[in-house]
Amino acid sequence: MSNKPTSSDKDFLKVRGVVEENLPSAMFRVRLENGHTILCHLAGKLRMNRIRLTPGDEVQVEITPYDLTKGRITFRL
């Protein structure tokens, strides 16, 4: 067994936001709680289960600390 860190939920910032606009290629413009607007794509589970998002839906977004302008939508609230 190695003590090497693995990729987990701790590597991402989880924030809430509201979908503002649907874009081509399953991309979305999301306004976060803090007022910033970022570009997001759907997580694989949402695509597999064909979860549809429309403007106005509240979502949970994971953002990597390295690029705060892009994120992944992981949950529709």
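Just above sits the structure.
Definitions and limits used
Sequence order as written defines the numbering, with residues in each chain counted from 1. Local features are withheld for residues below a pLDDT of 70 in this predicted model, meaning they are given only at 70 or higher, and side-chain atom pairs are given and counted only at 80 or more; totals for whole chains, interfaces and linings count all residues. To obtain the side-chain values, all non-hydrogen atoms of the structure were included, while hydrogens and water were left out. Each pair of strands is called paired provided DSSP finds at least two bridges between the two strands. By definition, any uninterrupted DSSP run of H or I lasting at least four residues is a helix, any uninterrupted run of E lasting at least two residues is a strand, and each is numbered from the N terminus. For this analysis, a ring pair means two rings from Phe, Tyr or Trp (six-membered ring only for Trp) whose centres lie within 6.5 Å, classed as stacked if their planes differ by under 30 degrees, edge-to-face if by over 60, and tilted for the remaining angles. Only lysine NZ and arginine CZ atoms are considered, and such an atom sits over a ring when it is within 6 Å of the ring centre and within 35 degrees of the ring normal. All axes here are fitted lines through C-alpha atoms, helices being fitted over the stretch that makes contact, and every angle between N-to-C directions spans 0 to 180 degrees.

(A) Broad picture of the pairing of strand E1 (residues 13–23). Examined bridge by bridge, E1 and strand E4 (residues 58–63) share six bridges and lie antiparallel to one another. Directly across from Val-15, in E4, lies its bridge partner Val-61. In this sheet, strand E2 (residues 27–32) lies alongside E1 in antiparallel orientation, the contact comprising six bridges. Directly across from Glu-21, in E2, lies its bridge partner Arg-29. Counting the residues between successive antiparallel strands, the hairpin from E1 to E2 contains three residues, one of them, Ser-25, with a positive phi of roughly 65 degrees.

(B) A look at the packing of aromatic side chains. One pass over the structure, following the stated rule, counts zero aromatic pairs. For Arg-72, the ring lying beneath its charged end belongs to Phe-12, and the centroid distance is 4.9 Å.

(C) Quick peek at the sheet that holds E4. Read once around its circumference, the closed barrel built from five strands follows the order E1-E2-E3-E5-E4, with strand pairing classed as mixed. When strand polarity is set aside, the average angle formed by the axes of neighbouring strands in this sheet is 55 degrees.

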